[in-house]
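# Secondary and tertiary structure notes
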Amino acid sequence: MFISKNEFKQAFKCRLETKFGKTINEATINDVYKTLGQLVREHVSKNWIDTTHYYQENKEKQVYYFSMEFLMGRLMQTNIDNAGLTNIIKESLEELGFNLDEVFEQEHDAGLGNGGLGRLAACFLDSLASLNLPGHGCGIRYKYGLFEQKIINGYQAELPDYWLQEDYVWEVRRPDRSMEVKFGGYVEMKEVDHKLEFIQKNYDTVLAVPYDVPVVGYQNPTVNTLRLWSAESTKNDFNFFTSNRSDYYHFLDYKRSIEDISGFLYPDDSTYDGKILRLKQQYFLVSAGMQSILKQFKGKYTENIFDIPEKIAIHINDTHPVLIIPELMRILLDEEGLSWEEAWDITQRTISFTNHTTLSEALEKWPLEMVKQLLPRIYMIIEEINERYCRELWNQYPYEWDRISKMAIIGNNEIRMAHLAIVASYSVNGVAKIHTEILKKKEMKDFYHLYPHKFNNKTNGITHRRWLLNINPELASLITETIGSRWIAHPKELTSLIKYAKDLGFQERVAQVKRNNKEKLAKIIKEKNNISINVDSIFDVQVKRLHAYKRQLLNIFHVIHLYHVLCENPNLDVTPRTFIFGGKAAPGYHFAKKIIKLINSVATVVNNDTRVQDKLKVVFIENYSVSMAEKIMPAADVSEQISTASKEASGTGNMKFMMNGAITLGTLDGANIEINDFVGKDNIFIFGLKADEVLQLYTQNSYKARDIYNNDYRVKNVLDELMSHKLPGGESEFRDIYYSILTNNDEYFVLKDFDSYAEAHELIDQTYRDQQKWLSMSITNIAHSGKFSSDRTIQEYATDIWGIRPRLL
Ligand code: 26V
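Residues numbered from 1 in each chain as written. Predicted model: local features only at pLDDT ≥ 70, side-chain atom pairs only at ≥ 80, totals over all residues. Heavy atoms only, no water.

What follows deals with the packing of aromatic side chains. Two descriptors summarise a pair of aromatic rings, namely the distance from one centre to the other and the angle between the planes of the rings. Under the counting rule described, the total for this entry stands at 23 aromatic pairs. Both rings, one in Tyr-698 and one in Phe-749, keep their centres 5.1 Å apart while their planes meet at 55°; by these two values the pair is tilted. Of this pair, Tyr-698 sits in helix H28 (residues 691-700) while Phe-749 sits in the loop between helix H32 (735-742) and helix H33 (750-769), and the two are 51 residues apart along the sequence. Residue classification places Phe-749 among the buried positions, given a relative accessible area of 3%. (Phe/Tyr/Trp six-rings, centres within 6.5 Å; stacked < 30°, edge-to-face > 60°. Helix = DSSP H or I, 4+ residues; strand = E, 2+ residues; numbered from the N terminus. Buried < 20%, exposed > 50% of the residue type's maximum accessible area, 1.4 Å probe, protein only.)

Looking now at the environment of Arg-256. Relative to the elements of secondary structure, Arg-256 occurs in helix H8 (residues 248-259). Residues Arg-256 and Glu-232, 24 residues apart in the sequence, show an inter-C-alpha distance of 8.7 Å.

Moving on, we get to H28. Among the residues of H28, Ala-691, Val-694 and Leu-697 are the ones counted as buried. Buried residues of H28, viewed axially, fall in a sector of 130°; they line one side. Turned more than 90 degrees from where H28 packs its buried face, Asp-692 and Thr-699 sit exposed. Summarising the contacts, the buried residues of H28 are in contact with helix H17 (433-443) and H33. (Arc of directions from axis to C-beta. Contact = heavy atoms within 4.5 Å.)

Surrounding the ligand, one finds 20 residues, the nearest of these being His-356, Asn-460, Glu-648, Ser-650 and Gly-651. Between Ser-650 and the ligand, the recorded distance is 3.0 Å, taken from a backbone N or O atom to an oxygen atom. With the chains in place, 94% of the 580 Å² that the ligand exposes on its own is no longer accessible. When its residues are assigned to classes, the shell around the ligand shows seven nonpolar, eight polar and five charged. (Near = heavy atom within 4 Å. Polar contact = N/O pair within 3.5 Å; in protein donor to acceptor, adjacent residues only side chain to side chain. Areas by Shrake-Rupley, 256 points an atom, 1.4 Å probe, with all protein chains shown as cover. Nonpolar A, V, L, I, M, F, W, Y, C, P; charged D, E, K, R; others polar.)

Turning our attention to the sheet that holds strand S23 (residues 638-641). Read from one edge to the other, the open sheet built from six strands follows the order S22-S21-S20-S23-S24-S25, with strand pairing classed as parallel. Single-partner strands in this sheet number two, and they are strand S22 (616-621) and strand S25 (685-686). Where strand S24 (residues 663-666) and S25 come together, two bridges link them in parallel fashion. Bridge assignment links Leu-665 to a residue of S25, and that residue is Phe-685. (Pairing = 2+ DSSP bridges.)

Turning next to the nonpolar core. The biggest cluster of nonpolar side chains holds 139 residues, and the ones touching the most others in it are Leu-36 and Leu-93. In terms of residues, this core owes the most to one element, helix H9 (residues 276-298), which gives eleven residues. Apart from residues lying up to four places away in sequence, Leu-93 is in contact with Phe-8, Phe-12, Val-32, Leu-36, Phe-98, Leu-100 and Val-103. One finds Leu-359, Phe-581, Tyr-589 and Leu-598 within the second-largest nonpolar core, a separate group that totals 71 residues. (Core = buried A, V, L, I, M, F, W, Y, C linked by side-chain atoms within 4.5 Å.)

For strand S9 (residues 186-192) and strand S10 (residues 195-201), the ladder comprises seven bridges, and the chain directions are antiparallel. Of the residues in S10, the one forming a bridge with Met-189 is Phe-198.

What follows covers unusual backbone geometry. Here Asn-132, not a glycine, exhibits a phi torsion of approximately 60°, which is positive. The topology assignment puts Asn-132 in the loop between helix H6 (116-130) and strand S4 (135-140). The phi angle at Tyr-399 is positive, at roughly 70°, despite the residue not being glycine. Looking at the secondary structure, you find Tyr-399 in the loop between helix H14 (376-396) and helix H15 (401-407).

Packed helices, taken two at a time, are described by their axes: the angle between them and the distance between them. The interhelical angle for the contact between helix H23 (residues 552-568) and helix H30 (residues 713-722), taken along N-to-C directions, is 105°, at an axis separation of 9 Å. As the angle between them shows, H23 and H30 are arranged roughly perpendicular. Contacts from Phe-557, Ile-560, His-561 and His-564 of H23 reach H30 at Arg-714, Asn-717, Val-718, Leu-719, Glu-721 and Leu-722. Within the contact of H23 with H30, the residues separate by chemical class into five nonpolar, three polar and two charged. (Axes fitted to C-alpha atoms, helices over the stretch in contact; angles between N-to-C directions. Parallel < 35°, antiparallel > 145°, perpendicular 65-115°, else oblique.)

The next point concerns the sheet that holds strand S15 (residues 365-367). Pairing is antiparallel in the open sheet, where three strands are placed in the order S15-S17-S16. What marks the edges here is a single partner per strand, and that holds for S15 and strand S16 (410-411). Note that S16 and strand S17 (residues 414-416) share two bridges and pair antiparallel. Paired with Ile-410 across the strands is Ile-415, a residue of S17.

Per the UniProt record, the feature "modified residue: N6-(pyridoxal phosphate)lysine" (unreviewed entry) sits at Lys-656. Within the element layout of this structure, Lys-656 appears in helix H26 (residues 653-659). In contact with Lys-656, other than residues within four places in its own chain, are Arg-119, Ile-462, Trp-467 and Met-633. (UniProt positions renumbered as here; feature names shortened; annotations may be inferred.)

A word on the packing of helix H20 (residues 473-483) against helix H22 (residues 504-529). Two numbers describe how H20 lies on H22: the axes approach to 9 Å, and their chain directions differ by 165°. The pairing of H20 with H22 is recorded here as roughly antiparallel in orientation. The element H20 and its partner H22 pack so that their crossing is right-handed. Each of Glu-474, Leu-475, Leu-478, Glu-481 and Thr-482 in H20 lies in contact with H22, whose residues at this interface are Phe-506, Arg-509, Val-510, Val-513, Asn-516 and Lys-520. The residue inventory of the contact of H20 with H22, partitioned by class, reads five nonpolar, two polar and four charged. (Left-handed = near helix turned anticlockwise from the far one by under 90°.)

Compared with an ideal rise of 1.5 Å per residue, which puts 14 residues at 20 Å, helix H34 (residues 771-784) spans 20 Å between its outermost C-alpha atoms and is within 8% of the ideal. Burial analysis of H34 places eleven of its 14 residues in the buried class, which makes it a mostly covered element. Within H34, the full set of buried residues consists of Trp-774, Leu-775, Ser-776, Met-777, Ser-778, Ile-779, Thr-780, Asn-781, Ile-782, Ala-783 and His-784. (Expected span 1.5 Å × (residues − 1).)

Attention now moves to the environment of Gln-106. Among the structural elements, Gln-106 can be located in the loop between helix H5 (100-104) and strand S3 (110-112). C-alpha of Gln-106 to C-alpha of Tyr-144: the two residues are 38 residues apart in sequence and 18 Å apart in space. Setting aside its immediate chain neighbours within four residues, Gln-106 contacts Ile-29, Asn-30 and Tyr-33.

Okay, structure coming up:
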């Protein structure tokens, strides 16, 4: 433990010498980062052990959050700040000649997630620990995280993200806690004492080795665990040779195929693709995780297996870890010898589930045959669950064949993972009010009818510690200076800022902070993109994964339109704008990649046209990631949240922007609706179709995109531009986009919402000129952002779903 600077400096120098064989004068910034990381991890280790002991000794109920993704980003700043070490370390390093912010830049993001779902899991871990709640993460230690995006000639190229190239300072490998996961083979049934026994034979064993990462609570003694599993081959590989199965080269192939299980994160977050390796990943995670939880549970303090639901809550983040249901059943039936009824009762009272999307193309459905081959015993259990459940449906809805086959877990030779999740869990939640309503009324209507008590809403949140306190220190200090520091532990108290919304002195200081942050971002953009941007322009930002429903296309179409207007009248009095984009497209998502190319082509044309200089700039920031988001959010004026209404389950970027004083330009979709409810319609720019109108247009089939093209000259000019030679890439490049809108009738209503979007932009232009009004809006947004802290969300999960309580201090 460091309590003084001297003590820290002493320890630091000593570690630098013993571990890296260097003196302070010889140390590189990277040496400093690694040394510091080791010291900080060791510093928290006592609390880590104590926390674990506390949970065990008090037999606390603990929640395990199972997720295929944890988008942790960097941890150094969070860990130092949460451990309460920032001042000591910052000053000590300064005295030794190093700058802490530069040290932070050395850390490679842990990019073990695609986007919203994975980042949500990371925010939840921070809130669990910060609220002293017994909750841990359970995930996969992918060798490669989400790919690194390079923009080459305007196109996205993907490079592997080898984030483990240098040792990861936060993890602790725990080989003694390894688990064995079985794949393939067949199941032998044997009658023993009038009971059927199921024995898996001739299977392949994969060794799951856990790497634990401490999750440090904010200035409290709680340190929870994120356990990430890595796949290795077992020492029983010896059998490989003796069983005459193959030669040395085959053995190496086999070994690699096993290690591949934790090889990489699947980069597609929008369309389900039944790849066997992904199925292996899913079972690997849940089998290793579940076995290890039960081993711990039964370990030191002999617990009664029937107490599982009182002591363990298992939460599954979307359907990806849903195989934990049959896995828990398997262990209870085959290893613990429970009856089906007993095992099912325990399982149903232990598992809860969050749905994160209504997009039907993202719903997981695994082919029966694949599951049968890979997981023969799990397959049998799923079949049995389905059979018993269908009988229940039959009792409830006699002779309603259609309904029953629609609701079944197995159908069309596939296993419908969402159905399995709903049937086997005691709680099913959506991630924003509108999303939960859509689940209840539409997507999961039949299930809501059958199990109304299971459905509930938990609106998403973000950790205000990372997304305000850490990334926007100037704003955080200003807030503390103005309303005191209670907001840090009680983010809802940010509402005290409302009374300063119109205070000119406060406004001026908020404006200065924003300007400083914009200058920092402008510098980064100059370095990265070699584009000079005007810090007096409105920074209008859309950063998120590229997807048709998120409608980056609507944004760039509007930019093209503005460009047309300015070319025609270069002296037009407009508020200067910088449109900033960022985001990755799934490598196989052709359409999304075309949109990236389009944005970059428009940027090339616009940024090089002297007629619009200083009035319009377009920037695509490469490799949008957690650490890049941390630099963008504090500098944004406008937050673009423009998905087709009903399509974005919640969104969480919207909350990060708001917390940093950006004003939302958005549709009434996802959590935008709740942001609108809190800030009021005068503090947000809402446009476009509403969810019910969108759904109606789909059912009526009455929308005709071409009519808009024919009747709105602005739209026509924009679309025709795509087929002209003016954009780099020429006519053929953007043909697919053009046809998706006109021939395929614009599935996401880009043209339909264009007019209303352009009008909202017009209003932004006018409002920004009135800085007092703008700043009052901005402050009002910050003031209401506390409701979107993940502390609130986690508190709701803890009491309404998991039944866990905070550790008594
Ligand atoms: C889906 C799939 C589909 C199968 C292949 C692999 C894969 C990997 C990830 C996903 C996740 C899609 C769901 C998702 O990310 N939903 C987002 O969740 C956020 C947190 O709740 C929410 O804010 C976003 O609105 C929602 O799109």
